[in-house]
Amino acid sequence: MTSAPASPLTMLVPDFPFSYDSWLTHPAGLGAVPSERHGTEVAVIGGGMSGMTAAYELLRLGLRPVVYEAEQLGGRMRSTPFPGNPDHVAEMGAMRFPVSATALFHYIGTLGLATRPFPNPLAPSTPSTLIDLNGGRRRARTPDDLPSVYQEVADAWEKALQERAELSTVRDAIQRRDTATLKAVWDRLVREFDDQSFYGFLATSPTFQSFRHREIFGQVGFGTGGWDTDFPNSVLEILRVVVTDADDHQVGIVGGSQQLPRGLWEHAPAAPAHWPAGTSLASLHGGRPRPAVTRLRRAGDGVRVRDESGGEREFPAVVFSPHVWTLLNRIDCDPALLPTPLWTAVERTHYMGASKLFVLVDRPFWRDTDPATGQDVMSMTLTDRMPRGVYLFDDGPDRPGVMCLSYTWNDDSLKVATLSAEDRLERLLSQLGAIYPDVDIRSHIVAGPLAVTWETEPRFMGAFKSNLPGHYRYQRRLFTQFMQEDMAPEQRGFFLCGDDVSWTAGFAEGAVTTALNAVWGVLNHLGGATHPANPGPGDRFHDLAPVELPYD
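Residues numbered from 1 in each chain as written. Predicted model: local features only at pLDDT ≥ 70, side-chain atom pairs only at ≥ 80, totals over all residues. Heavy atoms only, no water.

A few words on the layout of surface pockets. Approximately 620 Å³ is the volume attributed to the second largest pocket. Taken together, 34 residues make up the lining of the second largest pocket; nearest its centre are Arg116, Leu392, Phe393, Asp394 and Asp395. Elements that contribute at least two residues to the lining of the second largest pocket include exactly strand S4 (85-91), strand S6 (115-117), strand S9 (250-253), strand S18 (389-394) and strand S19 (401-409). Here the lining of the second largest pocket takes six residues from S4, the largest share from any one element. (1 Å grid on protein atoms, 1.4 Å probe; cavity = no way out; pocket = protein on both sides within 12 Å on 5 of 7 lines; lining within 4 Å. Points joined across faces, edges and corners; volume = space filled by probe spheres on them. Helix = DSSP H or I, 4+ residues; strand = E, 2+ residues; numbered from the N terminus.)

Here is the structure:
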């Protein structure tokens, strides 16, 4: 007798294990607003993945989203075409998505977007990986090809997770959607580790007493590569990624990730309430969103929104999806829109910095065979030098290839923040020349460089949020803000969403799920309700609510 196959591991985040994917796909739909509310305007500020998800679902409910966007639709899903080569793009922001992100993949499937495996270090689809650490170089196809010390590090990490974080129990509960077990274990871990940094977790684990092991782990890491730039952050941030398999089994979107939010803008949902067939967000806006929001004020039971054109409109509900720091320095925001503890949480939000640099090359020359070694002349590269991570993308031997010559975080990102793209390229080519002395990368470059540093982008001021030790209480306030039954009347109808409000910042899944929280909030605020057979996140909130840690 054989046992039933295990369900796939999904991003059922243990802090609030609501099944957003099931809510999205249920035949009863997300709910309904009273017919007299059909066509009601709702402001959606920000045209990234979270804003587009919220606007798309509000449209399906028969409401009229009014989208405001300061720059370009897509947010940090920014796929920048190379000048003169528009068929090839540089993924400046989000570029790899775990298949466990089932709510996100609902929309990828809705639009029929194609995906392909992402060339992460030592991934099955990656031809080879080179690790350049402390001046020594090791090339590998699989983890088994690396020296034994790397296996020791991997074993130390696995044992630390099993012995201190009950990895197998948590993952099994996620796969079975056993929310009672999942909450019982995770809530205990939150109480134990809220004040523990990632590095502190490693250094206090019996299996990681070797500094050399911690150093190698920081450089090589797991899944997407080294994680030493995350060492100061709360270990809870890392555990959420690991238990949901978010840092492994990742894919990219063929043609660029920005197609997803832009696709939701253009896509006409089937059988929306109230609206005629063929209605899309783009058609409701005449093809263009409203410009950047400059001011937010309470106006009776609603919110008055002013934009850069000077126009003002009042809305009974507003969905706000940009980084929450923009409420502090880019928008003149009425303090009454959020209670004081929420403003404290906004102030305490901690963002990770990140930089990338891309070039377009004539062909994927890195697949050429080195006659001296019989190996590829270049590999996906992890290094402790300035580039840190080098990623290689190709569409076949006779087509141009894209090289991400550097992907860096935090302190490593700041090392290049003041350099122009051209200056960065020169420094990176010099550093890579020391790793690959016989490879002339420059001779193959046909376009670029294209670069970004997210902490200097004025509408973002960081790549994504990552909580520091002790920040759980602030995160809980931000995430639960969509539950407004206990708020003062003047604080209702304004809904935060976006991946920095989610428990898994930096992942598009968090942008999607918090947008769905906001959609439920608007639905409830306007007198609507979900179908009894398909309760939403607010209906299940008190059963699944994140644990509340004591304040005193």
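It is worth spelling out the packing of aromatic side chains at this point. Summed over the entire model, instances satisfying the criterion amount to 30 aromatic pairs. Consider the rings of Phe198 and Phe217, whose centres lie 6.0 Å apart with planes at 85 degrees: the pair is edge-to-face. Placement of Phe198 in helix H7 (residues 198-203) and of Phe217 in helix H8 (residues 211-220) is noted, with a sequence separation of 19 residues between them. Comparing Phe198 with Phe217 shows no difference in burial state: the two are buried. Considering the side-chain rings of Phe482 and Phe541, the 6.1 Å spacing of their centres and the 90 degrees angle between planes classify their relative orientation as edge-to-face. Here Phe482 is found in the loop between helix H16 (472-479) and strand S22 (494-496), whereas its partner Phe541 is found in helix H18 (residues 541-544), with 59 residues between them in sequence. Residue classification places Phe541 among the buried positions, given a relative accessible area of 8%. Aromatic rings pair up to connect Phe16, Phe18, Tyr20, Trp23, Tyr472, Phe479, Phe482, Trp503, Trp520 and Phe541 into one cluster. It is Lys356 that lies over the ring of Tyr407; its NZ or CZ is 4.5 Å from the centre. (Phe/Tyr/Trp six-rings, centres within 6.5 Å; stacked < 30°, edge-to-face > 60°. Buried < 20%, exposed > 50% of the residue type's maximum accessible area, 1.4 Å probe, protein only. Lys NZ or Arg CZ within 6 Å of the ring centre and 35° of its normal.)

Here the focus is the packing of helix H5 (residues 167-176) against helix H6 (residues 179-193). Remark: H5 packs on H6, axes separated minimally by 8 Å, with the N-to-C direction vectors making an angle of 150 degrees. The angle between the axes of H5 and H6 places the two elements in the roughly antiparallel class. Handedness of the H5/H6 crossing: left-handed. Where H5 abuts H6, its residues Thr169, Val170, Ala173 and Ile174 lie against Thr181, Leu182 and Val185. Of the residues assigned to the contact of H5 with H6, the class counts are five nonpolar, two polar and no charged. (Axes fitted to C-alpha atoms, helices over the stretch in contact; angles between N-to-C directions. Parallel < 35°, antiparallel > 145°, perpendicular 65-115°, else oblique. Left-handed = near helix turned anticlockwise from the far one by under 90°. Contact = heavy atoms within 4.5 Å. Nonpolar A, V, L, I, M, F, W, Y, C, P; charged D, E, K, R; others polar.)

If you walk through the whole model with that rule in mind, you get 31 salt bridges. Two residues, Glu457 and Arg78, come together in a salt bridge whose shortest N-O distance is 3.2 Å. Of the two residues, Glu457 is situated in the loop between strand S20 (445-453) and strand S21 (464-465) and Arg78 in the loop between strand S2 (64-68) and strand S3 (79-82); the sequence distance between them amounts to 379 residues. An identical accessibility class is assigned to Glu457 and Arg78; each is buried. One salt bridge in this structure joins Asp332 and Arg297, with 3.1 Å as the shortest N-O distance. Taken together, the residues Asp332 in strand S14 (residues 332-333) and Arg297 in strand S10 (residues 293-299) connect sequence positions 35 residues apart. By relative accessible area, Asp332 is classed as partly exposed at 38%. One salt-bridge network, in which partners are shared between bridges, spans Asp228, Arg388, Asp412 and Lys415. (Salt bridge = Lys/Arg side-chain N within 4 Å of Asp/Glu carboxyl O.)

What follows concerns the sheet that holds strand S1 (residues 41-45). Spatially, four strands are ordered S2-S1-S13-S22 in an open sheet, and the strand pairing comes out parallel. Each edge of the sheet is formed by a strand with only one pairing partner; in this case those strands are S2 and S22. Pairs of neighbouring strands in the sheet enclose a mean axial angle of 20 degrees, with direction left out of account. As paired elements, strand S13 (residues 318-320) and S22 share three bridges and run parallel to each other. Following the sheet pairing, Val318 is matched in S22 by Phe494. Lying over the sheet, helix H17 (residues 508-525) contacts S1, S13 and S22, oriented at roughly 165 degrees with respect to S22. (Pairing = 2+ DSSP bridges.)

Next up on the list: the pairing of S9. Here S9 shows two buried faces, one formed by Gln250 and Gly252 and the other by Val251 and Ile253. Pairing between strand S5 (residues 97-98) and S9: two bridges, direction antiparallel. Paired with Phe97 across the two strands is Val251, which belongs to S9. Of the pairings in the sheet, the one linking S6 to S9 comprises three bridges and is antiparallel in character. When the sheet's bridge partners are listed, Pro117 is paired in S9 with Val251.

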